[in-house]
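Below are the chains, spelled out letter by letter.
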Amino acid sequence: MCELFAVSSARAARVRLRFAEFATHGAPLEPDGVAGNPDGWGAAYFDGVDAHVLREPVPAVRSAFARVLEDHDFHSPLVLAHVRRASRGPVALANTQPFVRELGGRVHVFAHNGDLPQVQARWPLPVVAGRMVAQPVGQTDSEHAFCHLLRSLEALWLDAGGVPEAESRLEVVREFAERMRSLGPANFLYTDGDCLFAHADRRHQADGSVREPGLHLWLRRAAAAHEHEAHGLQVHASHAAAHPMAMLASVPLGRGDWQMLPRGTVVGLRQGQRFA
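Position numbers for residues count from 1 along each chain, tracking the sequence in the order it is written. Reporting of local features is limited, given that this is a predicted model, to residues whose pLDDT is at least 70; pairs of side-chain atoms are given and counted only at 80 or more, and all residues count toward the totals for whole chains, interfaces and linings. In computing side-chain values, all of the structure's heavy atoms are included and hydrogens and water are not.

Section: helix 4 (residues 141-160)
Secondary structure follows DSSP: runs of H or I at least 4 residues long count as helices, runs of E at least 2 residues long count as strands, and numbering of each begins at the N terminus. To estimate the expected span of a helix, count its residues, drop one, and scale the result by 1.5 Å. Taking 1.5 Å of rise per residue, the 20 residues of helix 4 would be expected to cover 28 Å, and the 29 Å separating its terminal C-alpha atoms lies within 8% of that figure. The largest bend along helix 4 measures about 40° and falls at Leu-153. Type-normalised accessible area, obtained with a 1.4 Å probe on protein chains alone, sets the label of each residue: buried when under 20%, exposed when over 50%, and partly exposed for intermediate values. Judged by how many residues are buried, helix 4 sits mostly within the fold: 14 of 20 residues are covered. Two residues or fewer after helix 4 comes Gly-161, characterised by a positive phi angle close to 65°. Bend at a residue means the angle formed by two fitted axes: the first through the 7 residues ending at that position, the second through the 7 residues beginning there.

Some thoughts on the environment of Ala-66
Summarising the element assignment, Ala-66 is placed in helix 2 (residues 64-71). Judged by its relative accessible area of 0%, Ala-66 falls in the buried class. Along the chain, Ala-66 and Arg-18 lie 48 residues apart, while their C-alpha atoms are 7.6 Å from each other. For this analysis, residues touch if any pair of their heavy atoms sits within 4.5 Å. Residues within four places of Ala-66 in sequence aside, it is in contact with Phe-19, Trp-41, Glu-56 and Ala-60.

Quick notes on the nonpolar core
Counting 29 residues, the largest nonpolar core has Phe-110, Phe-176, Met-180, Phe-188 and Tyr-190 as its most contacted members. Taken together, the elements giving at least two residues each to this core come down to strand 5 (99-103), helix 4, helix 5 (166-181) and strand 7 (186-191). Of all hydrophobic cores here, the second largest spans 28 residues; its members include Val-79, Trp-218, Val-235 and Ala-237. Here, nonpolar core refers to any group of buried Ala, Val, Leu, Ile, Met, Phe, Trp, Tyr and Cys residues whose side-chain atoms link them within 4.5 Å.

What about the sheet that holds strand 6 (residues 106-114)?
By the convention used here, strands pair only if DSSP detects at least 2 bridges between them. The antiparallel open sheet is built from six strands, whose spatial order is 5-6-7-8-16-17. Two strands bound the open sheet, and with one partner strand each, they are strand 5 and strand 17 (273-274). Bridge count between strand 5 and strand 6: five bridges; the pairing is antiparallel. Each bridged residue has a counterpart across the sheet, and for Glu-102 the counterpart in strand 6 is Val-107. Along the sheet, helix 4 makes contact with strand 5, strand 6 and strand 7, crossing strand 5 at roughly 15°. Here, axes are lines fitted to C-alpha atoms. For helices the fit covers the stretch in contact, and angles between N-to-C directions go from 0 to 180 degrees. Packed onto the sheet, helix 5 meets strand 6, strand 7, strand 8 (196-199) and strand 16 (266-270) and runs at close to 155° relative to strand 7.

Regarding unusual backbone geometry
Cis rather than trans, the peptide bond between Gln-97 and Pro-98 has omega equal to 5°. Mapped onto the fold, Pro-98 is located in the loop between strand 4 (75-83) and strand 5. Geometrically, the link from Glu-212 to Pro-213 is a cis peptide bond, its omega value of 5° lying close to zero. Mapping Pro-213 onto the fold places it in the loop between strand 10 (210-211) and strand 11 (216-222).

Section: the environment of Ser-152
Within the fold, Ser-152 resides in helix 4. For Ser-152 and Phe-176, which are 24 residues apart along the polypeptide, the C-alpha to C-alpha distance reads 8.0 Å. Contacts of Ser-152, omitting those with residues within four sequence positions, involve Val-172 and Arg-179.

Describing helix 2
For helix 2, the full list of buried residues reads Ala-66, Leu-69 and Glu-70. All buried residues of helix 2 lie within an arc of 105° about the axis, which places them on one face of the element. Along helix 2, exposed side chains directed more than 90 degrees from the buried face belong to Val-68 and Asp-71. Polar contacts, as counted here, are pairs of nitrogen or oxygen atoms within 3.5 Å of one another; within protein the pair requires one atom able to donate a hydrogen and one able to accept it, and residues that are adjacent in sequence qualify only if both atoms are side-chain atoms. The backbone nitrogen of Phe-65 lies 3.3 Å from a side-chain oxygen of the residue at the head of helix 2, namely Ser-63. Arc, as used here, means the arc of the directions from the helix axis to the C-beta atoms.

Quick look at the pattern of salt bridges
One speaks of a salt bridge when a side-chain nitrogen belonging to Lys or Arg is within 4 Å of a carboxyl oxygen belonging to Asp or Glu. Overall, the coordinates contain ten salt bridges when judged by the stated rule. Across the pair Arg-202 and Asp-201 runs a salt bridge whose closest N-O atoms are separated by 3.3 Å. The shortest N-O distance in the salt bridge between Arg-263 and Asp-201 comes to 2.7 Å. You can see Arg-263 sitting in the loop between strand 15 (259-260) and strand 16 and its partner Asp-201 sitting in the loop between strand 8 and strand 9 (203-204), a full 62 residues away along the chain. On the accessibility criterion, Asp-201 (0% relative accessible area) is buried.

Thoughts on the packing of helix 4 against helix 5
Following both chains from N to C, one finds helix 4 and helix 5 inclined at 150°, their axes separated by 10 Å at the closest point. Here helix 5 runs roughly antiparallel to helix 4, going by the angle between their axes. Pair helix 4 / helix 5 crosses with right-handed handedness. On helix 5, the residues touching Ala-145, His-148, Leu-149, Ser-152, Leu-153, Leu-156 and Trp-157 of helix 4 are Ser-168, Arg-169, Val-172, Val-173, Phe-176, Arg-179 and Met-180. Angle categories: roughly parallel below 35 degrees, roughly antiparallel above 145, roughly perpendicular from 65 to 115, and oblique for all the rest. Less than a right angle of anticlockwise turn of the near helix away from the far helix marks a crossing as left-handed, whereas a clockwise turn marks it as right-handed.

Here's the deal with the packing of aromatic side chains
A pair of Phe, Tyr and Trp rings is counted when the ring centres sit within 6.5 Å of each other, with Trp represented by its six-membered ring. The angle between the planes then sorts it: under 30 degrees is stacked, over 60 is edge-to-face, the rest tilted. Under the counting rule described, the total for this entry stands at nine aromatic pairs. Here the aromatic rings of Tyr-190 and Phe-197 are separated by 5.7 Å at their centres, their planes lie at 15°, and the arrangement is stacked. Here Tyr-190 and Phe-197 have matching classes, each one buried. Taken together, the ring pairs in this structure connect Phe-110, Trp-123, Phe-146, Phe-176, Phe-188, Tyr-190, Phe-197 and Phe-275 into an aromatic cluster.

In structure tokens:
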């Protein structure tokens, strides 16, 4: 089972993911010592309109690169991470999430947990003469869906001449999520560096069933020096003033008031606060 995780904060926080441990949340270690999500890992740490995006198509437990990342002192107000168990497309960098594209002069990042067997047939992505439109680099259903989302958002961004209204973007994401959900389990995280959007659906559970919940949400106003720790995760906010912070995860990570999101819920977050 793939794992999703994201942080949205009003101020930059230090988010340390120990991927070798984080990968075991939805799937424990197998007899050979590799986590049940053995096919790649990745994370995006935003810095303004751009993001540090690091990903690798190998088990996190065997990755020297992942261990370096764990010790790097990244501070970011917006973080998105994914651990992969391949269902469609070979194990390769091109198929490793999160996926990244540019639209409107900003980096857009997307990660998906689920299975969309008919997405290529139902949502073709034709080449458009004279236009630079989103096309997949790899072979996954997830990246194909992301390109479809960007095409749906393209006119909104181009017409705005800047960052479109959050509610306008949310409406496009909500319509996309409803159509995506009809194709199969469709939990996803998507951000344009300004807002973070999430869609909760069904997912493969530990007992083998496919059912909700697919995502959980944690909201709070961080204290002056807030620390949140869980197996494979450390979030540290050390600002003098309290500020909003939110986290999203496939399964609850550590203590706190984690809220199960019912199937079909679309969440919009901006600077740690929920606006939908």
